[in-house]
Amino acid sequence: MTHLVNDPKKFAADVLAGFVRAHADRVMAVHGGAVRATETPQGEVAVVLGGGSGHYPAFAGWIGEGMAHGAVCGNIFASPSASQAASVARAAHAGGGVLFGFGNYAGDVLQFSRAVEMLAEEGIEARILTVTDDIASADTHAERRGIAGDLPVFKIAGAAAAQGWSLDEVERVTRHANDRTFTIGVAMSGCTLPGADAPLFTVPEGSLAIGLGIHGEPGLSEVPLGTAQEVADDLVDRLLAAFPDEAGDRVAILVNGLGATTYEEQFVVFARVADRFEAEGFTLVEPEVGEHVTSLDMAGLSVTAMLLDDELEPLWRAPVDTPAFRRGSLGSTTSAPPRRGPLPQQAGAERTAGAEPSQRAAAVALARLDDVVDALKENEAELGKLDAVAGDGDHGQGMVLGAVGAADRGHEAAAAGVGLGTLLREVGEAWAESAGGTSGALWGAALVAAGERLGDTDAPGAADVAEAVSAAVGAMKDLGKAELGDKTLMDAAVPFAEALAERVGAGEDLATAWSAAAARATEAAEATAQLQAKKGRAKTHGDHSVGHADPGATSFALVCRTVADKEG
Ligand code: ADP
Ligand code: MG
């Protein structure tokens, strides 16, 4: 349970504000996260980490010399938006390019990839590096999700950057580190999102869930809870089996507590892990025991092994000085880097007024958006539960945060007299930013695409609306690359767009056509219960999801119905 909470929806922001206050000599807040408060040498590669919040010290706790230059901080367990990632990267950039590092989750991949494109347009070269260490999540290394291996992999990236390596070289060695990093975790209890009254999943008393994620994704199998030694043996056996043939004989070991497992238990487990690795002929190099990548109040721990070689070992041992992770000495304290000056303000976009018919259409759209906010709030808990079956339980929260942020921005824009196209574009940007997560990125892109199709001049007719919906769904497809049948929101969105276009094409009025299309979307969303998830977070737990409808498809249909109720 997370006990000390103000507004649960602002919990991540409150955490960041306190963190920045506590470490004001080292870090400063920027839009979307935090960066070093000290100067970075000109030309040094900026390592920008990120992902959802709820994992402290990952990721902001690792901002400092020898490790990260900035961290993007999304909502609890939700990926940050592309514009947040770009904002932090801009502030961290010192002329040497940017390496974004994050765990391999669909939402993060979408958002950080988009940030790379945004930065390229401004002349900043950025790359993405996904950590894929969780051996329980997939057989192929590249498809695994990222968990506690973040620590050693990002340590390597930060050390290489600090030594003045080029962006190509920092990226190469970090990929190499990731290829040689393996983690397996166990949980004894689930974690509870701030403000929620029940954990995202539970582990039966006396059992141990193996292969859990760090977002409250359930474990892959449950076994009876043994002694610390038995648990350690099981984890080490699984790691050894996952190692490549050329494992070498030197290893960085991390025993990582997930948030509610005592350091004492972690040390007991570590001792056995160390014995076992030494018995296998390994030398342990600067091992770490403690909380590094947490999952709110989850009880459990993981064991990570990074197989060292001549290139990785000096980087692993190199000094680092961050709020949460320190090692060695960076030289005399008198040569501490100078504080950087205040950051330049990022200019807000100018708004131009739309033509009157388009302004009126914008007012109608905004009223519908307000209804959508209410409907999502009513269904927030239900959508969260659906997402907890095989995902991370945050879909209800993400949709509400997205819609609320979108509506707030929409009202500002409408007050400035914008037309429908600009309204939808702004609303889409705000949705992606406020929601984070995979669905936030997709809804944001969809609304922006619809806005671009509709423009700021004319009141749209039924055919324009149908085309804008097709453009919106097309943008979701381009970004998410999901196929029909993958059990995603596309399974509701595509039938919706097709039905709307067909009926409008056959001459039906917009209200009738929209209602019928919303009914199609609802049936299609319900039918996703039969499918197995193939995309997004839920794919790791594909078969858990059979029998339950996809959360994103369910909320898509809900939004369509809510808009239909008021249509006409
Ligand atoms: P996250 O998975 O980042 O936690 P949410 O929980 O808000 O994001 O949304 C989950 C939903 O996103 C899924 O139920 C699914 O409908 C949708 N989704 C996931 N990946 C994709 C994708 N590649 N394309 C389309 N929709 C997707
Ligand atoms: Mg989710």
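Computed from a predicted model, the values in this text were never measured in an experiment.

### Description of the domain arrangement of the protein
Where interface size is given, it is often the accessible area lost as the parts come together that is meant.
Argument step 1. When cut into domains, the protein gives domain 1 (8-314) and domain 2 (356-566).
Argument step 2. Tallying the contact residues gives 26 residues for domain 1 and 27 residues for domain 2.
Argument step 3. Where domain 1 abuts domain 2, roughly 2100 Å² becomes buried across the two surfaces, and 54% of that area is made up of carbon and sulfur atoms.
Argument step 4. For domain 1, the biggest contributors to the area lost against domain 2 are Lys9, Leu110 and Pro218; these three give 26% of the whole.
Argument step 5. One can count one salt bridge joining domain 1 with domain 2.
Argument step 6. Residue Glu380 is joined to Lys9 by a salt bridge in which the shortest nitrogen-to-oxygen separation is 2.9 Å.
Argument step 7. Between domain 1 and domain 2 we count seven residue pairs in polar contact (both at pLDDT 80 or more) in total.
Argument step 8. Those elements giving two or more residues to the side of domain 1 that touches domain 2 turn out to be strand E4 (70-76), helix H2 (82-92) and helix H3 (106-121).
Argument step 9. No other element matches H3, which puts four residues into the side of domain 1 that touches domain 2.
Argument step 10. Looking at the side of domain 1 that touches domain 2 residue by residue, the classes come out as 11 nonpolar, 12 polar and three charged.

### Focus: the state of the cysteines
Here, the word disulfide means a covalent bond between the sulfur atoms of two cysteines.
Argument step 1. Taken as a whole and judged by the stated rule, the model has zero disulfides.
Argument step 2. As a non-bridged cysteine, Cys191 has Cys73 as the owner of its nearest cysteine sulfur, 18 Å distant.
Argument step 3. Overall, the relative accessible area of 0% leaves Cys191 in the buried class.

### Observations concerning empty space enclosed by the protein
The gaps left among the atoms become clear once a water-sized probe is rolled over them.
Argument step 1. Counted by the stated rule, this structure contains two cavities of 30 Å³ or more.
Argument step 2. Considering only enclosed or pocket space, the largest cavity measures out at about 70 Å³ in volume.
Argument step 3. Element by element, the count of residues in the lining of the largest cavity is highest for strand E3 (residues 46-53), at three residues.
Argument step 4. When the residues that make up the lining of the largest cavity are grouped by side-chain class, the tally is four nonpolar, seven polar and three charged.
Argument step 5. The computed volume of the second largest cavity comes to approximately 30 Å³.
Argument step 6. As for the second largest cavity, its lining consists of Pro8, Lys9, Phe11, Ala12, Asn75, Ile76, Gln397 and Leu401.
Argument step 7. Taken together, the elements giving at least two residues each to the lining of the second largest cavity come down to helix H1 (11-22), E4 and helix H10 (395-415).
Argument step 8. Its residues assigned to classes, the lining of the second largest cavity shows five nonpolar, two polar and one charged.

### A word on the site of ligand 1
Argument step 1. The environment of ligand 1 is formed by 20 residues, the closest being Thr438, Ser439, Gly480, Leu489 and Asp550.
Argument step 2. In this structure, an oxygen atom belonging to ligand 1 sits 3.0 Å away from a side-chain N or O atom of Asp394.
Argument step 3. At 2.5 Å, a side-chain N or O of Asp550 approaches an oxygen atom of ligand 1.
Argument step 4. Counting only elements with at least two residues in the shell around ligand 1, the list comes to helix H12 (437-454) and helix H16 (551-566).

Conventions and cut-offs
- Along each chain, the written sequence defines residue order, and numbers are assigned to residues from 1.
- Labels are handed out in written order, letters beginning with A for the chains and numbers beginning with 1 for the ligands.
- Confidence filtering applies because this is a predicted model: local features only for residues at pLDDT of at least 70, side-chain atom pairs given and counted only at 80 or more, and all residues used for totals across whole chains, interfaces and linings.
- Side-chain descriptors were evaluated using all non-hydrogen atoms of the structure, hydrogens and water having been removed beforehand.
- Here the limits of each domain have been adopted from an automatic or database domain assignment.
- It only takes one pair of heavy atoms within 4.5 Å for two residues to be counted as in contact.
- As a working definition, buried area equals the accessible area (1.4 Å probe) given up by two parts on being put together, with both sides summed.
- Every case where a carboxyl oxygen of Asp or Glu lies within 4 Å of a side-chain nitrogen of Lys or Arg is listed as a salt bridge.
- Within 3.5 Å is the distance limit for a polar contact, defined as a pair of N or O atoms, with the added protein rule that one can donate a hydrogen and the other accept it, and that residues adjacent in sequence qualify only through two side-chain atoms.
- A run of DSSP states H or I qualifies as a helix once it reaches four residues; a run of E qualifies as a strand once it reaches two. Both are numbered from the N-terminal end.
- Gly is placed with the polar residues, together with every amino acid not listed as nonpolar (Ala, Val, Leu, Ile, Met, Phe, Trp, Tyr, Cys and Pro) or charged (Asp, Glu, Lys and Arg).
- The definition used for a disulfide is geometric: two cysteine sulfur atoms within 2.5 Å.
- Only protein chains enter the accessibility calculation, which uses a 1.4 Å probe; a residue is then buried when its area is under 20% of its type maximum, exposed when over 50%, and partly exposed in between.
- Of the grid points, spaced at 1 Å and generated over the protein atoms alone, those admitting a 1.4 Å probe that cannot get out make up cavities, while open sets with protein on both sides within 12 Å along at least five of seven lines make up pockets; any residue with an atom within 4 Å of a point is treated as lining.
- Grid points are joined across faces, edges and corners, and a volume is the space filled by probe spheres set on the points.
- Any residue with a heavy atom positioned within 4 Å of a molecule or strand is treated as near that molecule or strand.

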